[in-house]
Amino acid sequence: MTTSVIQPKRRRRIGEGRRFLSAPAIVYLILLTQVPFALTIYYSFTNWNLLRPGSAGFLGFGSMFRNYQRILQNPDFWQVLTNTLVLTLSVVVVTFVLGMAFALLLSRPFPGRTLARTLLISPFLMMPVASAVVWKYLLLDPAFGLSAWVSRSLGLPAVYLVEFAPLASIIAIVSWQWTPFVMLILLAGLQSLPEDVVEAARLDGAGPLGLFRFVTLPHLRRFIEIALLLEIIFVLNVFGQIFVITSGGPGIQTTNLPYQIFLEAFSRWNIGRASAYGIFAIVLANLAVILFLQVVRRSRQEEGR
Amino acid sequence: MTRKRLGTLAWATGTLLVAFTMFFPILWMALTSLKTENDAIAFPPKWFFTPTFENWRVAVFGGPVLEFMGNTVWITLASTLLALALGFPAAYAMAYYRTKRTDGSMLWMMSTRMLPPAGVIVPLFVIFRDLSLLDTHLGLILLFAGMNLPLVVWMVTGFMEDVPFALIEAARLDGASLWQEFTRVLLPLLLPGLAATALLALIFTWNEFFFAVNLTTRAASPLSVYVSTFKAAQGDLFVAKMSAAATAAVIPVLVAGWIAQRQLVTGLTMGAVK
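Residues numbered from 1 in each chain as written. Chains lettered and ligands numbered in written order. Predicted model: local features only at pLDDT ≥ 70, side-chain atom pairs only at ≥ 80, totals over all residues. Heavy atoms only, no water.

**Student:** Quick question: what am I supposed to make of the packing of aromatic side chains here?
**Tutor:** Pairs of aromatic rings are described using the distance from one ring centre to the other and the angle between the two planes. For the coordinates displayed, the defined rule picks out 42 aromatic pairs over all chains. Taking 5.8 Å as the distance between ring centres and 50° as the angle between the ring planes, the aromatic pair formed by Trp269 of chain A and Phe125 of chain B counts as tilted. Pair noted here: Trp269 of chain A is in the loop between α13 (257-266) and α14 (271-302) and Phe125 of chain B is in helix α6 (residues 117-130), and the two residues belong to different chains. The class of Trp269 of chain A is partly exposed, set by a relative accessible area of 26%. Given a relative accessible area of 9%, Phe125 of chain B falls into the buried group. Ring centres of Phe24 of chain B and Trp47 of chain B lie 6.0 Å apart, and the angle between their planes is 40°; this geometry places the pair in the tilted category. With Phe24 of chain B in helix α1 (residues 3-32) and Trp47 of chain B in the loop between α2 (37-40) and α3 (54-61), the pair connects residues that are 23 residues apart, well separated along the chain. For Trp47 of chain B, a relative accessible area of 37% gives the class partly exposed. Members of the aromatic cluster, each reached through a chain of ring pairs, are Phe239, Phe243, Tyr259, Phe262, Phe266 and Trp269 of chain A together with Phe125, Phe209, Phe210 and Phe211 of chain B. (Phe/Tyr/Trp six-rings, centres within 6.5 Å; stacked < 30°, edge-to-face > 60°. Helix = DSSP H or I, 4+ residues; strand = E, 2+ residues; numbered from the N terminus. Buried < 20%, exposed > 50% of the residue type's maximum accessible area, 1.4 Å probe, protein only.)

**Student:** Before we go on, may I ask you to explain the interface of chain A and chain B in this structure?
**Tutor:** Where the parts come together, the accessible area they lose is often given as the size of the interface. Each partner contributes residues to the interface: chain A has 99 residues there, and chain B has 105 residues. Buried surface at the junction of chain A and chain B, summed over both partners, amounts to about 9,200 Å²; 78% is from carbon and sulfur atoms. The interface formed by chain A and chain B includes one salt bridge. Between Glu181 of chain B and Arg18 of chain A there is a salt bridge, with the nearest N and O atoms lying 2.9 Å from each other. (Contact = heavy atoms within 4.5 Å. Buried area = accessible area lost by both parts, 1.4 Å probe. Salt bridge = Lys/Arg side-chain N within 4 Å of Asp/Glu carboxyl O.)

**Student:** I keep staring at the packing of helix α11 (residues 208-235) of chain A against α14 of chain A and nothing clicks. Help me out?
**Tutor:** When two helices pack together, their arrangement is captured by the angle between the axes and the distance separating the axes. Residues and elements named next belong to chain A. Contact pair α11 / α14: the axes reach a minimum separation of 10 Å and the direction vectors enclose 165°. As the angle between them shows, α11 and α14 are arranged roughly antiparallel. Like other packed secondary-structure pairs, α11 and α14 cross with a definite hand, here right-handed. Listed contacts from α14 to Arg221, Arg222, Glu225, Leu228, Leu229, Ile232 and Ile233 of α11 are Ala288, Val289, Phe292, Val296, Ser299 and Arg300. (Axes fitted to C-alpha atoms, helices over the stretch in contact; angles between N-to-C directions. Parallel < 35°, antiparallel > 145°, perpendicular 65-115°, else oblique. Left-handed = near helix turned anticlockwise from the far one by under 90°.)

**Student:** For this particular structure, what's the right way to read the nonpolar core?
**Tutor:** General note: in soluble globular proteins, nonpolar side chains tend to be found buried as a group. If you look at the biggest cluster of nonpolar residues, it comprises 193 residues, and the most contacted ones within it are Met127 of chain A together with Tyr96, Met160, Leu186 and Leu264 of chain B. Counting residues domain by domain, this core receives three or more from each of domain 1 (3-58) and domain 2 (65-229) of chain B. Of all hydrophobic cores here, the second largest spans five residues; its members include Leu193, Val198, Ala201 and Leu211 of chain A. (Core = buried A, V, L, I, M, F, W, Y, C linked by side-chain atoms within 4.5 Å. Domains from an automatic or database assignment.)

**Student:** Looking at this model, I keep getting lost on the confidence of the model for chain A. Mind explaining?
**Tutor:** Reading predicted coordinates in detail is not appropriate for stretches of low pLDDT. Here chain A averages 86 in pLDDT, and 94% of its residues register 70 or above. By mean pLDDT, the top-scoring element of chain A is helix α4 (residues 75-106) of chain A (95), and the lowest-scoring one is helix α1 (residues 8-13) of chain A (50). (pLDDT = per-residue confidence, 0-100.)

**Student:** Mind showing me how you'd approach the side chain of Thr157 of chain B here?
**Tutor:** Residues and elements named next belong to chain B. Note that Thr157 resides in helix α7 (residues 137-161). Among the residues examined, Thr157 registers a relative accessible area of 1% and is labelled buried. There is a polar contact of 2.5 Å between the side chain of Thr157 and the backbone oxygen of Val153. Residues in contact with Thr157, not counting those within four places in the same chain, are Ala91, Met94, Ala95, Met106 and Val152. (Polar contact = N/O pair within 3.5 Å; in protein donor to acceptor, adjacent residues only side chain to side chain.)

Listed below in structure tokens is the structure:
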């Protein structure tokens, strides 16, 4: 945020108390996020299971970390963690490449540009569970789906992609949804690139590739950073597509952390264990953001900024 | 035709082709909703068919879709309004009464938006159960308002910082109360910004699924919960009606997003530009 420079002193005179107008919003957010967060920590130290009445007990200081120990000893957890990371990183890479390509395509004027942009942003506006239903039953169905028709027309056997490559299917479908998000942010970046800078670089003899590498990319840096950061945060939480398309299966091949928490809480009703998983999800999200900011800072330093 | 114009033509064709491919799943959904159930599962797929509105009549206007859509509309509008009502004064304080702690509070607010929903779903479920908020509109409205609040404060603060403070001072010299400052001075100036903010909040809320599916069962369930229950297993003749219901569920947000593309971009790039 830009720091305001308009005479702070004169402003103070009227309604000093007005700075507390932010209090309701802050209190609201504390109640809605910090209280549940604290409770998640507390529950993670209990053996509370809604299927066993009267089990809401604290585990005792000697064994308070039992839920965490069980999780860390469970090989399924490492699979779930790997799935979460593979899903998130793959989606980020795929959407970045496609989003950048689409943004470049839209960055110069041509007849039909508005139509193209309208069509391209649409997947982002789709309700995730609706796009999951469309992909699963209309496009990828092995009996009458379009993918079956395409592969048979090419003389190949019709495989059910969701069974053949479950995690890759989820990655593809989530990427389809998130590419427009990256594209829109990068497009805004491209359009804020001053024309005279481009012109000057051209006069200095820069070719299209040199122009992209030394003028466009550095200018886009902030836009790329914000797009990827937001995307990481959102894609770590992907749930609807997995719920509809694979239910985390086959086995646990497409179970990510949110889906695991959902299973633990709402089909095993194990409040204690689910809360401990929740703590892992929170830690993972924070680690991802911190790590990302670290990378950003380091690459900035290397460029001598 | 010159080489340059030929190049533009090729560029346009290529881009439109790519755009059409990305859009195709949505188009296919809409087309399937207009087929008979037999045409919908025909193999090879039917590209040309006589459209019928039977599925829409049965699945959308005869089925429970409208009921769920009513829930979604009510929850979305009420939670967005609540987020704006809480966020607008907060943004006012953040923009015009900066203290040493303002930047910190802003960042803290944004950080709450980064909290993974799955990380807090368990206590939220327990709290909702104890307060009898499970499967109620009120529960989801309160929750979604909080979900959108950081975004609202962040964006509206940004828009307010662009308003010249002299305008507000002038109003004060004329004896304007705080309420008059809000409604007479700021509201008209911020209308486009507020529209962009509301649009993003509407999209997020309309499409939300994780909280909705875990905190409602039927009475207050939004559309996303209904759509997620679709199964081809409910009879192979269900595909076309399913498409009709899914199309009905996504059309409002699609159209809103199409109309307000500029506002959408403003909202999404707020963080990058500021």
